[in-house]
Amino acid sequence: ESELDSGIVVESELDSGIVVESELDSGKKIQKDRDDLEISQQSSVIRREGYCVTYGDCGGFPCISNTPAKSLSSPESLTILAEMCPHLQNQGRYCCDGVQAEIIKKTISAADILLKTCTIGKINLRAVVCDLVCSPNQSQFVEVTQSEKFDDKSRATRTKYFLSELYSDKVYNSVKKHTRLMCGNFLRDCTKEQFFNFLGDNRWTKLKTDYEIGNHPPRDDITLNSHEHITCIVNGAGYCQC
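As the structure is a prediction and not an experimental result, all values here were calculated from the model.

A. Spotlight on the overall build of the protein chain. When helices and strands are counted, the protein chain shows seven helices and five strands. Counting helices and strands in the order they occur from the N terminus, the protein chain gives α-β-β-α-α-α-β-β-α-α-α-β. Long-range pairs, those at least 24 residues apart, make up 64% of the contacts in the protein chain with a sequence separation of at least 6. A total accessible area of about 13,900 Å² is found for the protein chain, and carbon and sulfur atoms account for 52% of it.

This is the structure in structure tokens:
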């Protein structure tokens with residue numbers, strides 16, 4: 001009887017192993033299904049000039065909306081864009097609404113305090129943030145990687161932002177003398193990678209962003225964001241040396 005019982009225990013342990021293995025297989029299948037869904041969703045996104053991947057405010061996060069960029073009718077919102085995102089002010093259509101323009105102003109103002117003596121760095125940094133939220137061509141270089149339900153909509157909680165190596169170098173070089181303050185490390189300057197990691201994930205930003213920097217787009221439907229910036233050669237009141 002004891003041996004039989006022992007046999008039953010062994011068999012039970014084997015069954016338990018099968019259950020564990022089954023759960024692992026199930027977990028792998030769920031992850032694969034999620035990966036396949038993400039690939040499927042990304043491949044169905046319209047990525048071209050004048051299209052957004054997010055638009056509008058969903059409780060402090062951008063709503064997922066793969067739609068054409070829209071005009072801003074509020075004079076107050078246009079004033080904010082002219083002040084914070086001057087390179088976008090004449091675009092006419094944007095991937096942000098008035099509420100998001102207000103959020104951008106609050107977010108950027110926090111960084112402005114650290115860069116108040118460096119106009120070049122401030123303008124270049126603003127351009128990166130403004131393009132993430134408001135650029136009318138947002139769909140070409142921004143990808144939603146994490147989302148959640150919000151009322152009857154979905155909102156982005158994490159994005160991936162594709163930047164060219166050259167553009168990221170120029171932005172970093174224009175602020176690198178202030179990176180100790182910006183990265184919260186007072187003992188040494190932070191690297192370009194650390195700077196962009198901090199820019200994408202800090203206590204002032206609800207939407208988290210992973211900056212993917214490279215010389216070539218990872219896929220045919222992605223464009224690396226890069227545009228004219230103010231270089232460190234410009235001199236004048238308020239312009240810092242890089």
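B. Region of interest: the pattern of salt bridges. Counted by the stated rule, this structure contains 10 salt bridges. For arginine 155, the salt bridge is made with glutamate 148, and the minimal N-O distance between the two is 2.6 Å. The exposure class assigned to glutamate 148 is partly exposed, which follows from its relative accessible area of 33%. The partner of aspartate 221 in a salt bridge is arginine 219, with the nearest N and O atoms 3.0 Å apart. For aspartate 221, a relative accessible area of 26% gives the class partly exposed. The network of salt bridges with shared partners includes Arg47, Glu143, Arg219 and Asp221.

C. The arrangement of the nonpolar core in detail. Membership of the largest hydrophobic core comes to 40 residues, with the highest contact counts inside it found for Phe195, Phe196 and Tyr211. With eight residues, helix α4 (residues 119-134) is the largest single contributor of residues to this core. Each residue touching tyrosine 211, except ones within four places of it in the same chain, is listed here: Val128, Leu132, Tyr161, Leu163, Phe196, Leu199 and Gly200.

D. Highlighting the packing of aromatic side chains. By the definition in use, this model includes five aromatic pairs. Summarising the aromatic geometry, the rings of tyrosine 172 and phenylalanine 195 are spaced 6.1 Å apart at their centres and angled 50 degrees between planes, so their arrangement reads as tilted. Of this pair, tyrosine 172 sits in helix α5 (residues 165-175) while phenylalanine 195 sits in helix α7 (residues 192-200), placing them 23 residues apart in sequence. You can call tyrosine 172 buried: its relative accessible area is 14%. Within the aromatic cluster, the residues linked to one another by ring pairs are Phe141, Tyr161, Tyr172, Phe195, Phe196 and Tyr211.

E. Expanded view of the side chain of arginine 47. Tracing the chain through its elements places arginine 47 in the loop between α1 (2-43) and β1 (54-58). Side chain to side chain, arginine 47 and aspartate 221 meet in a polar contact 3.4 Å long.

Cut-offs and rules
Residues numbered from 1 in each chain as written. Predicted model: local features only at pLDDT ≥ 70, side-chain atom pairs only at ≥ 80, totals over all residues. Heavy atoms only, no water. Helix = DSSP H or I, 4+ residues; strand = E, 2+ residues; numbered from the N terminus. Contact = heavy atoms within 4.5 Å. Areas by Shrake-Rupley, 256 points an atom, 1.4 Å probe, with all protein chains shown as cover. Salt bridge = Lys/Arg side-chain N within 4 Å of Asp/Glu carboxyl O. Buried < 20%, exposed > 50% of the residue type's maximum accessible area, 1.4 Å probe, protein only. Core = buried A, V, L, I, M, F, W, Y, C linked by side-chain atoms within 4.5 Å. Phe/Tyr/Trp six-rings, centres within 6.5 Å; stacked < 30°, edge-to-face > 60°. Polar contact = N/O pair within 3.5 Å; in protein donor to acceptor, adjacent residues only side chain to side chain.

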